[in-house]
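Structural features, examined
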Amino acid sequence: MGIGELDREAHVAEGTGAVAPRTLAEALRARGDEGLAALLRARPDLLNPVPNDLTQLATRAGTRGSVVRALERLDRFALQTAEALAVAPDPAPYSVLLALLTGDEGDPVIGATLPGAVALLREQALVWGEDDRLRLVRTARELLSPSPQHPSPTGLGPTVAEATSGMSPGRVQEIIAAVGLAATHDPVSAVAALTGLFTDRARMSAFLDGAPPEALAVLDRLVWGPPYGEVTANPAPPVRWLRDRGLLLPVSARTMVLPREVALHLRGGRAHRMPEPVAPEVGVLRDHRPQVVDSAAAGQAYTALATVEELLKSWDEGGPQVLRAGGLSVRDLRRTAAALDVTEEVAAFWLELCHGAGLLASDGEADERYAPTPAYDDWLDLPPAERWARLVTPWLASTRTPGLVGGQDAKGRALSALGPDLDRAAAPEVRHRVLGLLATLPPGAAADPETLFARLRWERPLRGGAPTGPAAPGAEGTGSGLPDDLRSRLARWALAEAELLGLTGRGALSAPARALLNLPLAEAASPADEGGGVEESVAAERAATLLAPLLPEAVDHVLLQADLTAVAPGPLRRPLADALAVLADVESKGGATVYRFTPGSVRRALDSGLTASGLHDFLAAHSRTPVPQPLAYLVDDVARRHGHLRVGAASAYVRCDDDTVLGEILADRRSAALGLRRLAPTVLAAQADPASLLDGLRAMGYAPAAESAEGDVLVTRADAYRTPARTAPVPVPDGPPAPDATLLGAAVKAIRAGDRAATAVRREPAAPAPAGSLPRTSSAETLATVQAAAMTGSAVWIGYVNADGAASQRVIAPVRVEGGFVTGYDHTADEMRTYPLHRITGVAELADDQV
């Protein structure tokens with residue numbers, strides 16, 4: 001009997017109609033195309049590669065790795081439903097499953113939500129069969145069923161039959177007699193009788209009414225799990241009473257277990273202590289006006305831009321070296337944190353943000369260093385709102401987790417910022433879900449973190465690491481209401497990082513963040529503003545458009561003060577900011593930046609090629625207040641001495657029109673290390689190189705200027721150092737990507753076509769071939785059969801071996817046979833194909849009803 005005949009018999013009984021499927025493959029075969037597409041969408045790992053037919057799809061859906069991934073993506077109630085099925089009889093009627101979740105008293109909420117949970121499990125091919133015969137796939141049952149090595153989250157133990165499987169028949173009869181049941185002729189019927197007693201509510205209640213109170217107290221300690229307990233060689237009377245009557249059964253010489261049927265009776269029929277059919281609501285911690293939230297978020301967004309610019313500008317001439325194992329050293333991270341005036345954890349976040357946005361990378365040289373990339377210069381030229389969007393968009397998709405910096409990997413090695421071991425595939429999903437939950441609250445509402453984390457635990461209980469059984473109420477937290485597993489920490493980091501980036505303000509989601517996430521806005525100006533389904537670039541553009549009016553406008557002036565400071569009343573325009581950064585030192589940052597003028601900063605401006613008159617004109621043009629006299633005197637005083645001394649290469653030399661100044665330098669003991677000697681009344685030669693000579697003279701209080709071979713003053717402004725062009729790091733995917741509609745449609749079509757070919761019924765030859773083998777015919781018979789099929793337009797079943805030696809079975813409808821090739825419509829591939837005749841192992845005609 002062929003595969004097609006088996007399938008036909010599975011669907012038709014005595015000619016009266018379809019019957020229930022007997023395998024998962026048959027259940028999948030009964031689905032429509034939308035049902036198959038839903039399965040492949042929910043479990044994209046089943047698509048790699050595309051299965052040949054539905055039997056292969058069912059086999060792949062039952063593999064351990066795929067089932068584990070599917071279970072990890074279930075919500076709390078769907079997982080509890082699967083756990084209940086794992087301890088129910090196989091197969092289990094829907095009524096039995098409902099009773100395990102609701103107990104004897106019932107629960108209308110569970111009754112209303114259970115069909116949806118079963119439908120979800122059935123859609124993901126974790127459960128199959130009709131409601132009267134629900135079956136959990138074998139791999140899922142093995143993973144979720146109770147065992148001594150892997151206790152069930154339900155807290156239930158083995159059944160009576162499982163616990164007594166190794167028990168002697170005489171001992172089983174002793175238990176039967178102890179509970180007042182009639183003796184039987186074999187252990188199987190004895191176990192069945194004992195099971196019948198334990199599952200009969202009325203008889204079991206009457207039996208336990210006569211139990212000693214101490215024995216009932218022992219059962220109370222085991223009823224919600226774990227069901228195992230250690231006993232001594234001479235157990236106490238209550239334990240002995242329970243053991244003699246089968247209420248506790250031995251697992252080993254020192255371990256007893258509470259049978260599943262007894263525990264369910266004591267629980268009132270419930271498999272879980274606390275079923276959770278409804279997702280917990282995210283509570284509101286406090287309410288703010290949406291305008292306040294957006295303003296606070298915009299202020300933090302501006303701070304984020306300023307911080308990134310300050311960080312990369314400090315590495316403009318080349319940053320720290322890259323560790324041999326990759327990443328940034330602890331010392332350099334501390335220096336960066338001190339320069340930014342933030343903690344090391346926050347500094348690591350800014351570094352990883354720049355790296356993820358493609359603004360920072362290693363230069364790839366032999367002495368490898370970090371430096372800004374050419375993309376940083378392009379980023380600086382963008383408007384502030386677009387620069388912000390260029391930072392937050394890659395952050396949402398990044399798998400880098402800077403919160404791990406300072407910890408250790410599995411081998412005990414320290415994890416460093418920008419290092420190779422910070423990728424965590426779950427990070428993007430957690431970030432999107434945290435922001436998505438914030439978006440469910442009214443605009444301006446800040447979420448209560450405890451309820452937010454509880455919702456995340458409900459949505460992904462296995463991935464969150466929180467137990468789903470009776471141990472959950474006693475689980476220790478970390479001060480935030482979450483266990484200290486990776487997914488929980490990712491959620492906390494996501495909240496903190498969203499606040500640093502300005503996606504949230506005062507804990508509430510801002511309007512630009514809603515636009516970035518393709519979510520509806522509070523006050524949509526047009527149908528196009530309703531979000532949903534737009535591309536990432538369009539969403540980023542919308543977010544930047546909403547943020548732009550909220551950011552402070554750049555100003556083109558400062559306020560000069562008599563104490564040699566300048567106050568910038570807002571963000572400065574870039575040319576002014578760059579020029580002022582050379583002329584003065586930043587003293588304090590905030591809403592208004594304070595710059596201080598010093599002799600060293602003025603000399604730095606003169607070294608860059610500016611003149612004293614140019615500095616006076618610059619200050620007068622960009623100050624809303626008159627240039628203070630002390631500042632004008634400072635510029636003139638430094639300029640008068642600047643360039644009075646000239647340094648060149650001899651190894652190096654110093655020249656000055658005033659020979660008395662050169663005499664003072666020679667007489668100064670601090671000049672001994674420079675190796676100076678007088679070559680002429682106005683020239684000194686030095687053994688030090690020009691750079692060291694410049695530094696040495698400046699340390700002595702002079703203001704020398706470097707000159708070229710032609711005697712011109714050299715401008716000493718350093719050129720910005722950039723890495724070669726680098727692409728932003730690619731996130732590490734959390735499994736295969738979700739397939740799009742086109743791929744799903746093509747995959748379903750290919751699987752259907754392959755399944756039709758695989759289940760096609762062929763005429764049996766006189767000498768039937770072994771099951772699963774390729775058809776075997778002579779070359780002449782093969783040629784004659786395909787030629788006849790081409791003339792009649794019928795389909796045939798062939799065995800084919802490709803150039804790589806891979807064998808397959810196909811159903812084709814030959815159209816043309818010539819030149820040693822057969823061309824026809826391949827029902828397996830659902831397309832026209834050409835096959836060499838010498839690679840066809842054999843051919844067979846299809847059964848009459850398959851033609």
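Model, not experiment: these values are computed from the prediction. (Residues numbered from 1 in each chain as written. Predicted model: local features only at pLDDT ≥ 70, side-chain atom pairs only at ≥ 80, totals over all residues. Heavy atoms only, no water.)

**Section: the overall build of the protein**
Secondary structure summary: the protein contains 35 helices and 25 strands in total. A total of 851 residues make up the protein; the buried ones form 46% of that total. Partitioning the intrachain contacts of the protein with sequence separation of at least 6 by distance along the chain shows that 65% fall at a separation of at least 24. As displayed, the protein has an accessible area near 40,600 Å², and 54% of this comes from carbon and sulfur atoms. (Helix = DSSP H or I, 4+ residues; strand = E, 2+ residues; numbered from the N terminus. Buried < 20%, exposed > 50% of the residue type's maximum accessible area, 1.4 Å probe, protein only. Contact = heavy atoms within 4.5 Å. Areas by Shrake-Rupley, 256 points an atom, 1.4 Å probe, with all protein chains shown as cover.)

**Things to note about the nonpolar core**
As a rule of thumb, nonpolar side chains are buried together in soluble globular proteins. If you look at the biggest cluster of nonpolar residues, it comprises 88 residues, and the most contacted ones within it are Leu-28, Leu-40, Leu-57 and Leu-247. With 8 residues, the top contributor of residues to this core is helix α6 (residues 76–87). Setting aside residues no more than four positions away along its own chain, Leu-57 makes contact with Leu-28, Leu-36, Leu-39, Leu-40, Leu-46, Pro-51 and Ile-751. In terms of nonpolar packing, the next biggest core, distinct from the first, is built from 73 residues, Leu-333, Trp-350, Val-434 and Leu-456 among them. (Core = buried A, V, L, I, M, F, W, Y, C linked by side-chain atoms within 4.5 Å.)

**Here we look at the packing of aromatic side chains**
Note on aromatic pairs: each is described by the distance of the centres and the angle between the planes. This model, assessed by the stated rule, comprises 5 aromatic pairs. Both rings, one in Phe-349 and one in Trp-350, keep their centres 5.0 Å apart while their planes meet at 55 degrees; by these two values the pair is tilted. Here Phe-349 and Trp-350 have matching classes, each one buried. With 6.1 Å between their ring centres and 25 degrees between their planes, Tyr-376 and Trp-379 make a pair best called stacked. (Phe/Tyr/Trp six-rings, centres within 6.5 Å; stacked < 30°, edge-to-face > 60°.)

**Let's talk about helix α25 (residues 486–501)**
Here α25 contains 16 residues, and its C-alpha end-to-end distance of 22 Å stays within 8% of the 22 Å for a straight helix at 1.5 Å per residue. After α25 finishes, the residue Gly-502 shows a positive phi value of roughly 85 degrees. (Expected span 1.5 Å × (residues − 1).)

**Comments concerning the pattern of salt bridges**
With the rule as written, the count across this model stands at 36 salt bridges. Arg-335 is paired through a salt bridge with Asp-332; the nearest N and O atoms lie 3.6 Å apart. Taken as a pair, Arg-335 and Asp-332 lie in helix α18 (residues 330–340) at a separation of 3 residues, close to a single helical turn. On the accessibility criterion, Asp-332 (13% relative accessible area) is buried. Ionic contacts of the salt-bridge type, sharing partners, join the residues Arg-73, Glu-429, Arg-460 and Arg-487 into one network. (Salt bridge = Lys/Arg side-chain N within 4 Å of Asp/Glu carboxyl O.)

**A look at the sheet that holds strand β25 (residues 840–845)**
Strand order across the open sheet formed by 5 strands is β24-β23-β22-β21-β25, with antiparallel pairing between neighbours. At either margin of the open sheet sits one strand with a lone partner, and together these are β24 (831–836) and β25. Each strand of the sheet is rotated relative to its neighbour by a mean of 45 degrees, with strand direction disregarded. Sheet analysis places strand β23 (residues 821–826) next to β24, joined by 6 bridges and oriented antiparallel. The residue of β24 that forms the bridge with Tyr-825 is Met-832. Packed onto the sheet, helix α35 (residues 779–792) meets β21 (796–801), β22 (807–818), β23 and β25 and runs at close to 65 degrees relative to β22. (Pairing = 2+ DSSP bridges. Axes fitted to C-alpha atoms, helices over the stretch in contact; angles between N-to-C directions.)

**Examining the environment of Gly-570**
Tracing the backbone shows Gly-570 in the loop between β13 (565–568) and α28 (574–583). In this structure Gly-570 comes out as buried when scored by relative accessible area, which is 12%. Distance from Gly-570 to Asp-556, taken between C-alpha atoms, is 9.1 Å for residues 14 residues apart in sequence.

**Some details on the packing of α18 against helix α19 (residues 344–356)**
Following both chains from N to C, one finds α18 and α19 inclined at 95 degrees, their axes separated by 9 Å at the closest point. It follows from the interaxial angle that α18 and α19 lie roughly perpendicular. Only Glu-344, Ala-347, Ala-348, Trp-350 and Leu-351 of α19 make contact with α18, whose side of the interface consists of Leu-333, Arg-334, Thr-336, Ala-337 and Leu-340. In terms of residue class, the contact of α18 with α19 is built from 7 nonpolar, 1 polar and 2 charged. (Parallel < 35°, antiparallel > 145°, perpendicular 65-115°, else oblique. Nonpolar A, V, L, I, M, F, W, Y, C, P; charged D, E, K, R; others polar.)

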